[in-house]
Amino acid sequence: MIISPAFAQAAPSGDPGYIGLLPIVLMFVLLYFLMIRPQMKRAKETKSMIEALQKGDEVITAGGVLGRISKVSEAYVTVEIAANTEVSVQKVAVQTLLPKGTIKSIQ
C-alpha cells in the first residue's frame, strides 16, 4: 500500500466551551454601553425637548432656519424667521432649542 492508514487523534479533554463564548458576550456588553445606551438617552432628551416646545421659544430647525415659535399645534410649529414672515415646520424638524434672547444678539 502506498498510503498508510490515518489514525484519529484523541480529542482534547476538559474544555467546556464557555470560555469561547466569553469574548462574544463581552463585545455585546461593550456595544451596549458605548453605542446603544447613549443613543437611547439622546433620543429620550430630543423627545422631551420636542414635547416641551411652546410659543416664544427660539429654535434652529434641521434646515438651518433660525427663528422664534409663534404657534404650536399637535404636529407642526410655526416659526417666525423675520418680521411678518412665518414658516410652518414639523415639530421633529426642530433640532436645537436656543436660550432666550439669542436671536436679538444675532440680528
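Here, the structure is the one placed above.
Note that the coordinates shown come from a computational prediction; the quantities given were computed from them, not determined experimentally.

**Some thoughts on the side chain of Asp57**
Here comes step 1: Structurally, the position occupied by Asp57 is in the loop between helix H1 (18–51) and strand E1 (58–61).
Here comes step 2: The exposure class of Asp57 is buried, given its relative accessible area of 7%.
Here comes step 3: A polar side-chain atom of Asp57 sits 3.0 Å from the main-chain amide nitrogen of Gln54.
Here comes step 4: Setting aside anything within four residues of it in sequence, one finds Asp57 in contact with Ala52, Gly67, Arg68, Ile69, Leu97 and Lys100.

**Some remarks on the pairing of strand E2 (residues 66–72)**
Here comes step 1: Bridge count for E1 against E2 is 3 bridges, and the pairing is antiparallel. In the sheet register, Val59 faces E2, and the bridge partner there is Gly67.
Here comes step 2: Between E1 and E2, which pair antiparallel and follow one another directly, the connecting turn spans 4 residues, one of which, Gly64, has a positive phi of 90°.
Here comes step 3: As judged from the 4 bridges shared by E2 and strand E3 (residues 76–82), these two strands associate in the antiparallel manner. Bridge pairing in E3 places Arg68 opposite Glu80.
Here comes step 4: Once E2 ends, the chain turns through 3 residues before running back antiparallel as E3.

Criteria and thresholds
Residues numbered from 1 in each chain as written. Predicted model: local features only at pLDDT ≥ 70, side-chain atom pairs only at ≥ 80, totals over all residues. Heavy atoms only, no water. Helix = DSSP H or I, 4+ residues; strand = E, 2+ residues; numbered from the N terminus. Buried < 20%, exposed > 50% of the residue type's maximum accessible area, 1.4 Å probe, protein only. Polar contact = N/O pair within 3.5 Å; in protein donor to acceptor, adjacent residues only side chain to side chain. Contact = heavy atoms within 4.5 Å. Pairing = 2+ DSSP bridges.

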